[in-house]
Amino acid sequence: ASALAEKLDQALCDRGVRYVQWASDDISLPENRLLSEWCRGLGFMPLSTLDYLTGSSSSEDVHPNRRGDELLVCEPLAWDDSDEFGAFASLADRTYRETLDCPLLSEHRTAVQTLRGYQSAVAFEPNWWFRVIEKQSRRTIGCLVLARHRGGDQRRQGGPVDDVAEEDVAAENVARENVAAMVYMGLVPEARRRGLGRELLRHAMQVARRGDCSRIILAVDRRNHPAKSIYQHAGFHHVLSETVWFKPLTGKATIDQVVGQQSA
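Residues numbered from 1 in each chain as written. Predicted model: local features only at pLDDT ≥ 70, side-chain atom pairs only at ≥ 80, totals over all residues. Heavy atoms only, no water.

Draft legend 1. Region of the structure containing the packing of helix H3 (residues 84-96) against helix H4 (residues 111-120). At a minimum axis distance of 9 Å, the contact between H3 and H4 shows a crossing angle of 115°. Judged by the inter-axis angle, H3 sits roughly perpendicular to H4. Crossing hand, H3 versus H4: right-handed. Within the contact between the two elements, H3 uses Phe-85, Phe-88, Ala-89, Ala-92, Asp-93 and Tyr-96 and H4 uses Ala-111, Val-112, Thr-114, Leu-115, Arg-116 and Gln-119. Taken together, the residues that form the contact of H3 with H4 break down as eight nonpolar, two polar and two charged. (Axes fitted to C-alpha atoms, helices over the stretch in contact; angles between N-to-C directions. Helix = DSSP H or I, 4+ residues; strand = E, 2+ residues; numbered from the N terminus. Parallel < 35°, antiparallel > 145°, perpendicular 65-115°, else oblique. Left-handed = near helix turned anticlockwise from the far one by under 90°. Contact = heavy atoms within 4.5 Å. Nonpolar A, V, L, I, M, F, W, Y, C, P; charged D, E, K, R; others polar.)

Written out as structure tokens, the structure is:
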């Protein structure tokens, strides 16, 4: 395994790759012990174990807040504004701070790299990228990214951490219905623990319904108990789990380096 890893790493480095991710079956299961040893033998380290959940976009378990008014506004990303994407990436980077979802990821991939991965996915839905604004203060406090698996589209998904398993979850019904994927939902640290996550999920479900998607699929870090509680109370149930592995080859590129590469 180590000899194979050395050859693979050199081949990837020669092609400009500096970071590798790999998803496997859940290594917490006893039957996957040898799988875990093989991944480690190739030099990979576990990033996170993700639980994949699915639920109806019309669930009645997510009710408005007690006051009955809108606490959040979701503004679509303006793709024709050259500065908008950079600002959105900076916002996403702020939501990564102290996150419970794959916290090690931000040490090895920039927000720009992750967002570019979302863009490259087959299910990419440009109209479903939103800046989240607190209605009362008008402060921008988070971001929401959804994708759409269209019924009958059986092309292979690619891109960010959760893409491959999202396709697996959707595959059983992909021929007969549209499915929304919760690609990313994040709030800045100062906006957390105020019940806004539930409000944001309600907005995501509204977007999915308006987009003719009957279900939503999502991935959540197994250790992110607050987020899992929100989803479970909204009627989402567990479908499958996977372990995500990572290997940095030469270190982490800076946001400025990645943006420069994109504009070159």
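Draft legend 2. Region of the structure containing H3. Between its terminal C-alpha atoms H3 stretches 19 Å, which fits the 18 Å expected from 13 residues at 1.5 Å a residue. Burial in H3 covers these residues: Glu-84, Phe-85, Phe-88, Ala-89, Leu-91, Ala-92, Thr-95 and Tyr-96. Considered in projection along H3, the buried side chains sweep an arc of 160° and stay on one side of the axis. Contacts from the buried residues of H3 go to H4, strand E4 (124-134), strand E5 (140-149) and strand E6 (178-187). (Expected span 1.5 Å × (residues − 1). Buried < 20%, exposed > 50% of the residue type's maximum accessible area, 1.4 Å probe, protein only. Arc of directions from axis to C-beta.)

Draft legend 3. Structural view of the nonpolar core. One finds Leu-115, Trp-129, Ile-141, Leu-144, Met-182, Tyr-231 and Phe-236 to be the most contacted residues of the largest nonpolar core, which totals 51 residues. Listing elements by their share of this core, those giving two or more residues are H3, H4, E4, E5, E6, helix H6 (196-210), strand E7 (213-221) and helix H7 (225-233). Of the residues forming this core, the biggest block, eight residues, is contributed by E6. (Core = buried A, V, L, I, M, F, W, Y, C linked by side-chain atoms within 4.5 Å.)

Draft legend 4. Representation of the packing of aromatic side chains within the structure. Across all of its chains, the model carries ten aromatic pairs by this definition. Arranged with centres 5.8 Å apart and planes meeting at 85°, the rings of Trp-79 and Phe-124 form a pair that is edge-to-face. A residue pair is termed long-range when its members are at least 10 positions apart, and Trp-79 in the loop between strand E3 (72-76) and H3 and Phe-124 in strand E4 qualify at 45 residues. When its relative accessible area of 33% is taken as the criterion, Trp-79 is described as partly exposed. A centroid spacing of 5.8 Å and a plane angle of 85° characterise the contact between Phe-124 and Trp-129, whose relative ring orientation is edge-to-face. By relative accessible area, which is 26% here, Phe-124 ends up partly exposed. Three or more aromatic residues joined by ring pairs make a cluster, and in this case those are Trp-79, Phe-85, Phe-88, Tyr-118, Phe-124 and Trp-129. Seen from the ring of Phe-85, Arg-116 lies directly overhead, with NZ or CZ sitting 4.1 Å from the centre. (Phe/Tyr/Trp six-rings, centres within 6.5 Å; stacked < 30°, edge-to-face > 60°. Lys NZ or Arg CZ within 6 Å of the ring centre and 35° of its normal.)

Draft legend 5. Up close: the environment of Ser-90. Examined against the element boundaries, Ser-90 turns out to sit in helix H3. Distance from Ser-90 to Val-112, taken between C-alpha atoms, is 8.3 Å for residues 22 residues apart in sequence.

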